[in-house]
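Fold and geometry: a report
Single-letter residue listing:
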Amino acid sequence: MDSLRGKLLVASPSLLDPNFERTVVLIAEHGEEGAMGIVLNRASEVEVGDAAESLADLVEPGELVHAGGPVQPTAVVIVAEFDDPEQAASLVLERVGFVGADADFDTLAADVVRVRVFAGLAGWGAGQLEAEIERDDWIVEPATADDVFAADPEALWSAVLERKGGQYALVARMPPDPSLN
């Protein structure tokens, strides 16, 4: 399988694992040893400034920390859209990448367009993600910077499926519990 780096994984309706049900995951790394990504559509109730005061100036006032996944849930992961992509510790999309642990947060704000702060990440061991895709647990779709920084993260799952079109547009309109329809 080709690398899925920079792609979105959209949870299929049949994926009922509570960690990933109706999630949209940006794949940041994917290779023979496994894969790593961040869940884009699960905002927490904690404001960035309350969780990490040193990061407050990087985001809009009131911006929430997002739950990036069940792996290392206390790890802080910062994703930004950079004016200069070479500033990224690791680039995922054209100008979107990870802020390095050694970044100077006092000067970083001048070098970025948008920032999102995550707690935790998603991870898969060797062959695990490929098996899940083979099982149709995930729908693969190209990512955009606007997906990463969606103004309404809760609507991202439906929005990406609508964009994909066809049968996926129908899936996008499914209620979380079809039996209640």
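Residues numbered from 1 in each chain as written. Predicted model: local features only at pLDDT ≥ 70, side-chain atom pairs only at ≥ 80, totals over all residues. Heavy atoms only, no water.

Across its full length, the protein chain holds six helices and ten strands. Against the compact-globule benchmark of 16 Å for 181 residues, the protein chain has a radius of gyration of 16 Å, which places it among compact chains. Overall, the C-alpha framework of the protein chain stretches about 50 × 40 × 30 Å when taken along its three principal axes. Taking all 181 residues of the protein chain together, the buried fraction comes to 43%. Sequence separation of 24 or more characterises 63% of the internal contacts of the protein chain that already satisfy a separation of 6 or more. With an accessible surface of roughly 9,600 Å², the protein chain has 49% of that area assigned to carbon and sulfur atoms. Here the protein chain contributes 11 positively and 34 negatively charged side chains, and the mean placements of these two sets differ by 9 Å. (Helix = DSSP H or I, 4+ residues; strand = E, 2+ residues; numbered from the N terminus. Rg over C-alpha atoms; globule rule 2.2 N^0.38 Å. Buried < 20%, exposed > 50% of the residue type's maximum accessible area, 1.4 Å probe, protein only. Contact = heavy atoms within 4.5 Å. Areas by Shrake-Rupley, 256 points an atom, 1.4 Å probe, with all protein chains shown as cover. Lys, Arg positive; Asp, Glu negative; His and termini not counted. Charge placed at Lys NZ, Arg CZ, Asp CG, Glu CD.)

Non-glycine residue Arg22 carries a positive phi angle of around 55°. With phi around 65°, Asp136 is a residue other than glycine that occupies positive phi space. On the secondary structure map, Asp136 appears in the loop between helix H3 (128-134) and strand E10 (138-142).

Applying the stated criterion across every chain, the model contains ten salt bridges. Through salt bridges with shared partners, a single ionic network connects Glu81, Arg95, Arg114 and Asp146. (Salt bridge = Lys/Arg side-chain N within 4 Å of Asp/Glu carboxyl O.)

Bringing the side chain of Asn41 into the picture now. Along the chain, the position of Asn41 falls in the loop between strand E3 (34-39) and strand E4 (43-47). Only 2.8 Å separates the side chain of Asn41 from the backbone oxygen of Arg22, close enough to count as a polar contact. Of the polar contacts made by the side chain of Asn41, one reaches the backbone nitrogen of Val24; its length is 2.9 Å. If we skip the residues at most four places from it in the chain, Asn41 touches Arg22, Thr23, Val24, Pro153, Leu156 and Trp157. (Polar contact = N/O pair within 3.5 Å; in protein donor to acceptor, adjacent residues only side chain to side chain.)

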